[in-house]
Each structure stands twice: as structure tokens, then as C-alpha cells.
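What follows is the residue order along each chain.
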Amino acid sequence: MTNVTTSEAIEISGLSSTIQDYLSLIYVMERDGEPVIGSRLAELLGVTPPTVTNTLKRMTRDGLLTMDKNGTHLTESGWAAARVVMRRHMLMEWMMVQTLPWSKLHAEAHHLEHAISSMTETALMEQLGHPRTCPHGNPLPGCEQAVSAWLPLTQIAEGEQVILRRIHELAEENAPLLAYLEAKQLLPGASLRVTEILPFNQTITVEVNAQAVTLGNAAARYLFVEKT
């Protein structure tokens, strides 16, 4: 995991919502040591690869990225701006947690995160008691250590009892998946028992609240748990 705890917050009002969206996704990918690939960004953002290429070039020109033989990486300014975007997004999720269904928080916060000021951000942090994670269990910038001991569900053995703690940010981009998890009560804090692992079709079945729920490994790897 890239060390992202040292960047200072900066004012991002001059950055378009599109650039902020790119910053937040690249932030997550770099934080987790995942290469920043244009086709993957295009898939997550729902745009064409040429659009991604042009935007990345613009971000490089503006000093937010470097693009060379070593790959695409955020600069110090890019890290600082991305941290602000991520923090504001997560604070918006907390602000609405008593109002909207859990599965709708991410999409709605995506619309609101671009509108709040640094003053509002500071006030919300105080009001919410300086949360270390978002309602999906992902770490606020600077709080990565809070989630470091949690493991992907795909690393849990059959028969083990665990507590679901986190739905990764990249899974949050999949609205139908979030709705499915909420409907099946697979929410942070839920107690699970892995009842079946089928490598041949890459599925994991867990028991939650006395019901069996089967997940593909492609989704299960984004669910992080704590062993009990």
C-alpha cells in the first residue's frame, strides 16, 4: 500500500468535477498498489479510452499526475487534492446515513462531494466525531491503519466465523452489487460464517442471519472481514 498519510489538504474548488472523479479513483488504485490503467479507468467511469487518455494528459499538464515509463502516478499536489475529494465524499455519506438506504449513499455523495467548502468539511468532521472510515468501512485519508488488519473474504477458510467490516471503494462503483449486499444484509458489522467454497465455479457461500448467500469471487474479494 502506498503511503498516503503525509499530504496536506488543499483547496480544490478550481478543479472540475470530472477531474475530481479521476483523482478519487486514481487515489484508490495507487493507495492499494494497483496499476493505473486507462482501460480500467474507462470501465469504472463509463467513458471511452480516448476520453481517459485526453483527461490524463490534461491532469499531467496541470501538475496532478506524472506519466512515463514507470506508469501513471499522482504528484504530491495530486495526492493532496485527491485526499480532499475522498474525505468530502465520505463525509457526505455519513451526513446522509440516517436518510438514505445504505446502498444509495455512494451514488448520492458522488453528486454532493464537489459542492462543499473546506469550512463545511471541517465542521462536518467535528460534528461527526472525526470518523476513521466511511459507512462502507473504507478508510478516510490518513486512517489507512484502521483497516489494515482486515482480510478479503476470499482469504477466509470454510467454516470460519468472521465479521464483515468493509466494502471496497471499487465495489461501491457497482450499484447493483451494493443493492444486492444490502438486500442480503451483508453490511459492515454483520456476522458471517463461510459455509462453502467452490473453486471450480469461483464462488463463496456465507451464512448471515440464518440465510445462505452465494457470492462470486470477483465480488467477494472486495469484501473485507475481521476474524473473530
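Computed from a predicted model, the values in this text were never measured in an experiment.

As for the packing of aromatic side chains
Enumeration according to the criterion identifies one aromatic pair in this entry. Of note, Arg-166 hangs over the ring of Phe-224, and the distance from its end group to the ring centre comes to 4.8 Å.

With respect to the pairing of strand β7 (residues 211–216)
Where strand β6 (residues 203–208) and β7 come together, six bridges link them in antiparallel fashion. Looking at the pairing, Val-208 lines up with Gln-211 of β7. Linking β6 back to β7 in an antiparallel pair, the connection comprises two residues, with Asn-209 at a positive phi of about 50 degrees.

Regarding the layout of surface pockets
Space inside the largest pocket adds up to approximately 410 Å³. Around the largest pocket, the lining is made up of 25 residues, and of these His-89, His-106, His-110, Glu-172 and Glu-173 lie nearest the centre. Those elements giving two or more residues to the lining of the largest pocket turn out to be α1 (17–31), α2 (38–45), α4 (76–95), α5 (105–112), α7 (169–172) and α8 (175–183). Of the residues assigned to the lining of the largest pocket, the class counts are 12 nonpolar, six polar and seven charged.

Thoughts on the sheet that holds β7
Strand order in the open sheet made by the six strands is β3-β8-β4-β5-β6-β7, with antiparallel pairing throughout. Every other strand in the sheet has two partners, leaving β3 (151–152) and β7 as the edge strands with one partner each. α8 rests against β4 (161–167), β7 and β8 (223–227) of the sheet, and its axis sits at about 160 degrees to β7.

Digging into α8
Buried within α8 are the following residues: Leu-177, Leu-178 and Leu-181. The arc that holds the buried residues of α8, viewed along the axis, is 100 degrees, so those residues lie on one side. Facing away from the buried side of α8 by over 90 degrees, the exposed positions are Pro-176 and Ala-183. Among the structural elements, α5, β4, α7, β7, α9 (217–220) and β8 are those in contact with the buried residues of α8. Measuring from the backbone nitrogen of Leu-177 back to the side-chain oxygen at the start of α8 gives 3.1 Å, which picks out Asn-174 as the cap. Taken from the residues just after α8, Gln-185 is the one with a positive phi, measuring 65 degrees.

Side note on the packing of α1 against α4
In contact at an axis separation of 8 Å, α1 and α4 are set at 105 degrees when each is read in the N-to-C sense. As far as their axial angle goes, α4 and α1 are roughly perpendicular. Here Gln-20, Leu-23, Ser-24, Tyr-27, Val-28, Glu-30 and Arg-31 of α1 come into contact with α4, specifically with Gly-78, Trp-79, Ala-81, Ala-82, Arg-83, Val-85 and Met-86. Looking at side-chain class alone, the contact of α1 with α4 contains eight nonpolar, three polar and three charged residues.

Notes on the pairing of β4
Of all seven residues making up β4, five are buried, and the element is well covered by its neighbours. Note: β4 against strand β5 (residues 191–198), three bridges, orientation antiparallel. Paired with Val-162 across the bridge in β5 is Leu-192. The pairing of β4 with β8 spans five bridges and is classified as antiparallel. Each bridged residue has a counterpart across the sheet, and for Ile-167 the counterpart in β8 is Leu-223.

Parameters and conventions
- Residues numbered from 1 in each chain as written.
- Predicted model: local features only at pLDDT ≥ 70, side-chain atom pairs only at ≥ 80, totals over all residues.
- Heavy atoms only, no water.
- Phe/Tyr/Trp six-rings, centres within 6.5 Å; stacked < 30°, edge-to-face > 60°.
- Lys NZ or Arg CZ within 6 Å of the ring centre and 35° of its normal.
- Pairing = 2+ DSSP bridges.
- Helix = DSSP H or I, 4+ residues; strand = E, 2+ residues; numbered from the N terminus.
- 1 Å grid on protein atoms, 1.4 Å probe; cavity = no way out; pocket = protein on both sides within 12 Å on 5 of 7 lines; lining within 4 Å.
- Points joined across faces, edges and corners; volume = space filled by probe spheres on them.
- Nonpolar A, V, L, I, M, F, W, Y, C, P; charged D, E, K, R; others polar.
- Contact = heavy atoms within 4.5 Å.
- Axes fitted to C-alpha atoms, helices over the stretch in contact; angles between N-to-C directions.
- Buried < 20%, exposed > 50% of the residue type's maximum accessible area, 1.4 Å probe, protein only.
- Arc of directions from axis to C-beta.
- Polar contact = N/O pair within 3.5 Å; in protein donor to acceptor, adjacent residues only side chain to side chain.
- Parallel < 35°, antiparallel > 145°, perpendicular 65-115°, else oblique.

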